[in-house]
Amino acid sequence: MIYDIRQTTTYSYASPVAYSRHVLRLTPIDRAGQRVHAAALDIEPAPIERREGGDFFGNRMTSIELDQPHDTLSVRVAARVAVKRDAVVAEAATPSWEDVREAAFTSVDLTPNSPTHYLFASRQVSLDPEIRDYARESFATGRPILAGALDLMRRIKADFTYEIGATTVSTTPPMSFALRRGVCQDFAHIMLGCLRTLGIPARYVSGYLLTQPAPGQKRLVGSDASHAWVSVYLPDWPAQSRASPVSDLAHYP
């Protein structure tokens, strides 16, 4: 399936900004099952300097510098992406979560896709005892890793309320966990904390979501937008506990 993607991100400032620098991660990436045919960023006002590159994890980065006063910054993304759906993995065919944990902790691989990078706390993922206790209910002894991850995902969906405005970009996972409210990035960070507290490697993924309205219903404005989900480690990362994305933008520890 080939998708055409359009996104506009606008920053509005209370007063003119004389100078600014930004690092943008808004361009879809090539990965297994996904190929970027074309992608472009249109930035207004035009930056005085622009550099393209990538980070350690393979995310595409655009660094920009603006030296003229401006009270808004607009970044428009246009991309064409081909996506091939992964084969469905049977839950019972996956190894136990304890075996996955053992393999991850004994790995000596330090390449970008190594599970080692996705085991520990980060600036956005804390290893909270209450979150760990919540996670344990989904991971009985010997349970297949995918069965446990999917059960945890469904419990978060059932136990938490999606509410725009209940959290901000500075809300930590323990805070949104206590609130039992938030948006997709809050729930993704909670699930990451759940998995990592048990020693299960998992990473944050951002990208685009395409929904399918119920028969006879119109597609809701804004329902197909940027989204956050979780990728759970198996060899070669074939199983992702997530919604059905159109394309991946970036992977983060």
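Look up: the structure comes first, before these words.
A.B. asks: It is not clear to me how helix α3 (residues 145-159) should be interpreted in this structure. Could you clarify?
C.D. replies: An α-helix turns once per 3.6 residues; consequently, residues spaced three or four apart project the same way. The terminal C-alpha atoms of α3, which comprises 15 residues, lie 21 Å apart, in line with the 21 Å expected from a rise of 1.5 Å per residue. Among all positions of α3, only I145, L146, A147, G148, A149, L150, L152, R155 and I156 are buried. Summarising the contacts, the buried residues of α3 are in contact with α1 (97-105), α2 (129-136), α5 (184-197) and β10 (226-232).

A.B. asks: What exactly am I supposed to notice about the packing of aromatic side chains here?
C.D. replies: The geometry of an aromatic ring pair is captured by the separation of the ring centres together with the interplanar angle, meaning the angle of the planes. Applying the stated criterion across every chain, the model contains eight aromatic pairs. Seen in terms of ring centroids, F105 and F120 are 6.3 Å apart; in terms of plane orientation they differ by 80°. Their pairing is edge-to-face. One end of the pair, F105, is in helix α1; the other, F120, is in the loop between α1 and α2, and 15 residues separate them in sequence. For F120, a relative accessible area of 44% translates into the label partly exposed. Taken together through their ring pairs, the aromatic side chains of Y134, F160, F177 and F187 make up a single cluster.

A.B. asks: Just to check I follow, could you spell out the packing of α3 against α5 for this structure?
C.D. replies: Orientation of α3 relative to α5, taken along the N-to-C sense of each, is 140°, at an axis distance of 11 Å. By the angle between their directions, the pair α3 and α5 is classed as oblique. Crossing handedness for the pair α3 and α5: right-handed. Each of A149, L152, M153 and I156 in α3 lies in contact with α5, whose residues at this interface are F187, I190, M191, C194 and L195. Class assignment of the residues belonging to the contact of α3 with α5 gives a composition of nine nonpolar, no polar and no charged.

A.B. asks: How should the sheet that holds strand β6 (residues 70-83) be read in this particular structure?
C.D. replies: Hydrogen bonds between backbone atoms are what pair the strands of a sheet, whose relative direction is either parallel or antiparallel. If you trace the three strands from one edge of the open sheet to the other, you get β1-β6-β3, paired in antiparallel fashion. Pairing within the sheet leaves two strands with one partner each, and these edge strands are β1 (2-17) and β3 (34-44). Ignoring which end each strand starts from, the neighbouring axes of this sheet average 15° apart. Bridging between β1 and β6 involves 12 bridges; their strand directions are antiparallel. Note on β6: the bridge partner recorded for T9 is V75.

A.B. asks: Sorry if this is basic, but what is going on with the environment of D133 here?
C.D. replies: Checked against the element boundaries, D133 lands in helix α2. Placed 60 residues apart in sequence, D133 and L73 show a C-alpha to C-alpha distance of 43 Å.

A.B. asks: How do you make sense of unusual backbone geometry when you look at a structure like this?
C.D. replies: Negative phi characterises most residues that are not glycine, and trans characterises most peptide bonds. Here E44 and P45 are connected by a cis peptide whose omega angle stands at 5°. By the element assignment, P45 lies in the loop between β3 and β4 (49-54). Despite not being glycine, R180 shows a phi value in the positive range, around 60°. Structurally, R180 can be placed in the loop between α4 (173-179) and β8 (181-182).

Analysis parameters
- Residues numbered from 1 in each chain as written.
- Predicted model: local features only at pLDDT ≥ 70, side-chain atom pairs only at ≥ 80, totals over all residues.
- Heavy atoms only, no water.
- Helix = DSSP H or I, 4+ residues; strand = E, 2+ residues; numbered from the N terminus.
- Expected span 1.5 Å × (residues − 1).
- Buried < 20%, exposed > 50% of the residue type's maximum accessible area, 1.4 Å probe, protein only.
- Contact = heavy atoms within 4.5 Å.
- Phe/Tyr/Trp six-rings, centres within 6.5 Å; stacked < 30°, edge-to-face > 60°.
- Axes fitted to C-alpha atoms, helices over the stretch in contact; angles between N-to-C directions.
- Parallel < 35°, antiparallel > 145°, perpendicular 65-115°, else oblique.
- Left-handed = near helix turned anticlockwise from the far one by under 90°.
- Nonpolar A, V, L, I, M, F, W, Y, C, P; charged D, E, K, R; others polar.
- Pairing = 2+ DSSP bridges.

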